[in-house]
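# Summary of the model geometry
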Amino acid sequence: MPADDPAARLAERERELTALLARLDADDASLRADRADATADDEHDPEGSTLSGEWQRVAAVRSATARELDDVRAALALVEAGTYGVCEHCGNPIPAARLEARPQATRCVACAALG
């Protein structure tokens, strides 16, 4: 995939994130099944993390991944609309280096720093 093809880069990232969400959903289902097992006494197991801790970790990673996937899909819509790479705040071009590092960026560096 050419480095200057934002649609291809974003589509690849969309595939990666979708696959990651599927794995996280499977992990979540497995943790729920383990938690439903009445014999699982993970709170007193000195050998590893608790199911609750793992569940929280998976939920946090899943939430962040879902947000990134939403951002990537929004960026793909901007590519389709012909406005990809234009700051949504000031209307100036987003530097290529920023888009390379964060393809789903919707603000230039100066506007992103504003919060």
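Keep in mind that what you see is a predicted model, and the values were worked out from it rather than measured.

How each quantity is defined
Along every chain, residues carry numbers that run from 1 in the direction the sequence is written. Note on the predicted model: pLDDT of at least 70 is required for a residue's local features to be given, and 80 or more for side-chain atom pairs to be given and counted; whole-chain, interface and lining totals, by contrast, use all residues. To get the side-chain values, all heavy atoms of the structure are used, and hydrogens and water are removed first. The term nonpolar core refers to a set of buried residues drawn from Ala, Val, Leu, Ile, Met, Phe, Trp, Tyr and Cys, joined through side-chain atoms within 4.5 Å. Buried, partly exposed and exposed residues are distinguished by accessible area as a fraction of the type maximum, computed with a 1.4 Å probe on protein chains only: under 20%, between the cut-offs, and over 50%, respectively. Each helix corresponds to a stretch of at least 4 residues labelled H or I by DSSP, and each strand to a stretch of at least 2 residues labelled E; elements are numbered beginning at the N terminus. For this analysis, a salt bridge means a side-chain nitrogen from Lys or Arg found within 4 Å of a carboxyl oxygen belonging to Asp or Glu. UniProt positions are given in the numbering used here, feature names are shortened, and annotations may be inferred rather than shown by experiment. Two N or O atoms count as a polar contact when they lie within 3.5 Å, although within protein this holds only if one can serve as hydrogen donor and the other as acceptor, and sequence-adjacent residues are included solely when both atoms are side-chain atoms. Residues count as neighbours in contact if any of their non-hydrogen atoms are within 4.5 Å of one another. A pair of cysteine sulfur atoms is labelled a disulfide when the two atoms are within 2.5 Å.

## Comments concerning the nonpolar core
Soluble globular proteins: nonpolar side chains tend toward being buried together. Ranked by size, the top nonpolar core spans 14 residues in total, and within it Leu10, Val72, Tyr84, Cys87 and Leu99 carry the most contacts. Those elements that place two or more of their residues in this core are α1 (6–36) and α2 (51–81). For this core, the leading source of residues is α2, giving 4 residues.

## Description of the pattern of salt bridges
Tallying each qualifying case throughout the model produces 10 salt bridges. The salt bridge involving Arg13 is made with Glu16; its shortest N-O contact spans 2.9 Å. Taken as a pair, Arg13 and Glu16 lie in helix α1 at a separation of 3 residues, close to a single helical turn. For Glu16, a relative accessible area of 37% puts it in the partly exposed group. Here the residues in one salt-bridge network are Arg13, Glu16 and Glu68, joined through shared partners.

## So, the UniProt feature "domain: Zinc finger DksA/TraR C4-type" (unreviewed entry) in the chain
In the numbering adopted here, UniProt assigns the feature "domain: Zinc finger DksA/TraR C4-type" (unreviewed entry) to residues 82–113. Across residues 82–113, helical content stands at 34% and strand content at 0%; the span's end C-alpha atoms are separated by 25 Å.

## Some points on the UniProt feature "zinc finger region: dksA C4-type" (unreviewed entry) in the chain
Under the present numbering, the feature "zinc finger region: dksA C4-type" (unreviewed entry) in UniProt falls on residues 87–111. Split by type, residues 87–111 is 36% helix and 0% strand. Its first and last C-alpha atoms lie 8 Å apart.

## Quick notes on the environment of Arg32
Structurally, the position occupied by Arg32 is in helix α1. Here the alpha-carbon distance between Arg32 and Leu51, two residues 19 residues apart in the chain, equals 8.7 Å. Only 2.8 Å separates the side chain of Arg32 from the side chain of Asp28, close enough to count as a polar contact.

## Quick word on the side chain of Thr65
The residue Thr65 is located in helix α2 in this model. Filtering out sequence-adjacent residues up to four positions away, Thr65 remains in contact with Leu17, Leu20, Leu21 and Leu24.

## Observations regarding the environment of Glu14
You can see Glu14 is positioned in helix α1. Residues Glu14 and Asp71, 57 residues apart in the sequence, show an inter-C-alpha distance of 9.6 Å. Apart from residues lying up to four places away in sequence, Glu14 is in contact with Leu69, Val72, Arg73 and Leu76.

## What to know about the state of the cysteines
Counting across every chain of the model gives 0 disulfides. Cys90 forms no disulfide, and the closest cysteine sulfur to it belongs to Cys87, at a distance of 3.7 Å. On the basis of relative accessible area, Cys90 is assigned to the partly exposed category, the value being 37%.

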